[in-house]
Amino acid sequence: MGSICDIAITGVGLISPLGIGNQGFWEALIGGKSGIAVRPEFRDSPHPFRIAGAVADFEPKQHVKPRKALKVMCRPIQFGFAASSLASDSAEITGNVDPTRLSTIFGTEAFYADPNEVASVFRTCMVNRCYDHDRWGQAAMREIEPLWMLKYLPNMVASHISIAVDARGPSNTICQSDASSLLALIESIDLIQRGGADVVIAGGTGSQMATTGMIYRGLHRLSRRIDDPQRASRPFDVDRDGMVAGEGAGVFILERTEYAQARGATIHGRILGYNRAFHPIGPDFGNAIAASISSAVQHAGLAPTDIGHVNAQGFSTVEDDIYEAQGIRQALGDVPVFAPKSNFGNLGPGTGAVELAASLEAGRHRTIPATLNVEHLDPRCPINLSSHSQSVPNATGLKINFSDTGQIVTMVVSAD
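Below is a summary of the structure that appears in this document. Every chain is numbered on its own, with residues counted from 1 as its sequence reads. Local features in this predicted model are restricted to residues whose pLDDT is 70 or higher, and side-chain atom pairs enter the listing and the counts only when it is 80 or higher, whereas totals over whole chains, interfaces and linings include all residues. Neither water nor hydrogens contribute to the side-chain values; these are computed over all heavy atoms in the structure.

Grouped together as the largest cluster of nonpolar side chains are 43 residues, with contacts concentrated most on Phe-25, Leu-185, Phe-252, Leu-254, Ile-271 and Met-411. Those elements that provide at least two residues to this core are β1 (7-16), α1 (22-30), α5 (180-193), β9 (199-207), β10 (247-256), β11 (269-278), α11 (351-365) and β18 (407-415). Helix and strand definitions follow DSSP, with helices as H or I runs of at least four residues and strands as E runs of at least two, each counted in order from the N terminus. When residues in this core are grouped by element, the largest group, 8 residues, is from α5. Setting aside chain neighbours within four positions, we find Ile-271 in contact with Cys-5, Asp-6, Ile-7, Ile-9, Leu-185, Ile-189, Leu-254, Met-411, Val-412 and Val-413. In this text, buried Ala, Val, Leu, Ile, Met, Phe, Trp, Tyr and Cys residues form a nonpolar core when linked through side-chain atoms within 4.5 Å. For every residue, the accessible area (1.4 Å probe, protein chains only) is compared with the maximum for its type, and the residue is labelled buried under 20%, exposed over 50%, or partly exposed between those bounds. Contacts are assigned to residue pairs with any non-hydrogen atoms lying within 4.5 Å of each other.

Right, here's the structure in full:
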């Protein structure tokens, strides 16, 4: 039975803690490098905010045009735009696609403002060293930049990209935490299959590193290994104690396989099947993950033995890793597994897309990278996870994403 999905991937663009661009990202990943380090601005902090997987050497002016748009782009929006430019260039869609049939769908989140940007604004509302909200409308609104809010709206990623490439087809934004980017890819596939577009620029971007966002989310899910950053993210290891914050973006150009072939595009891989589900986090969550995996494999027209590898969510949180490992074992047995968050942490809505690119490369090279810091696999996580790179039997992989509120996405991909 063949796949009923079969959507071609003709372009990939990545902005990640392991590098900018697909080749550098894969070389760092297969080389076992870590993108997690001490954040200079929190060097003396005793809190988990001290470490993160930050994107280094990113110069937005090299990627964002017109440059004046940068004044209304926060850092994750810049990442998404830059990754889109890289993906669009690799797919050669400029001038080769009817703009009325070109769409943009992105997974994002509520972007958090830099406290330094609004510190002076809040000071205007201080009376006797106390904040007075009644002063906001009269005093603060004279201080805040008129276009300030545009820098942080979730839908602005897709908006900026659509304007830049003259994409006149449907534009959409999905905000479902860590599941956002794969959900955006699924919505893109559905859009193509129902005839709403020929080509979709799809992906996700995010940052778990914004100070206000980290304060809002709290410390309870973060690793305390702040004095050993590169060993802090340790998915499925018995000594794991939490995730590491990160940032980044991944973008794919998706189109019907026959459409891509007709325009002579290079096909990097195919999305063969998927499943999206919801189940409250709890003791039965592993069964829900197993059911999602099985549904995605069935949707792809495959058998469980056809899956060459699993690219795990691998949060490095104690309970989440147990549930996920049990679901993988239940659905796919002893399939090889890797967890790239060990290299760069949790990128929020950018996670799924960046990690899906890792699966494409793993399939192309028939090799999955090592999962870093797995010194003693937790016996409650019965999966085939290795601290060394492994060869895999074929080019087909399955990516798992889920959020802390219970959204589950599984996607089957195959490299060309």
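Most peptide bonds take the trans configuration, and most residues that are not glycine carry a negative phi. Each neighbour pair has its own omega, and for Lys-65 with Pro-66 the value is -5°, a cis peptide bond. Structurally, Pro-66 can be placed in the loop between β4 (51-53) and α2 (75-91). Phi is positive for Ser-177, which is not a glycine, with a value near 55°. Within the secondary structure layout, Ser-177 lies in the loop between β8 (171-174) and α5. Exposure remark for Ser-177: the relative accessible area of 29% places this residue in the partly exposed category.

Attention now goes to the packing of aromatic side chains. By convention, a stacked pair of Phe, Tyr or Trp rings (six-membered ring in the case of Trp) has centres within 6.5 Å and planes under 30 degrees apart, an edge-to-face pair has planes over 60 apart, and any other such pair is tilted. Summed over all chains, the structure comprises 10 aromatic pairs. With a centroid separation of 6.1 Å and an interplanar angle of 35°, the aromatic rings of Tyr-112 and Tyr-216 are classed as tilted. A residue pair is termed long-range when its members are at least 10 positions apart, and Tyr-112 in the loop between β5 (102-107) and α3 (115-123) and Tyr-216 in helix α6 (residues 211-217) qualify at 104 residues. Looking at Tyr-112, the relative accessible area reads 26%, which means it is partly exposed. Using a relative accessible area of 64% as the deciding quantity, one classes Tyr-216 as exposed. Taken together, the aromatic side chains of Phe-285, Phe-315, Tyr-323 and Phe-402 make up a single cluster linked through ring pairs.

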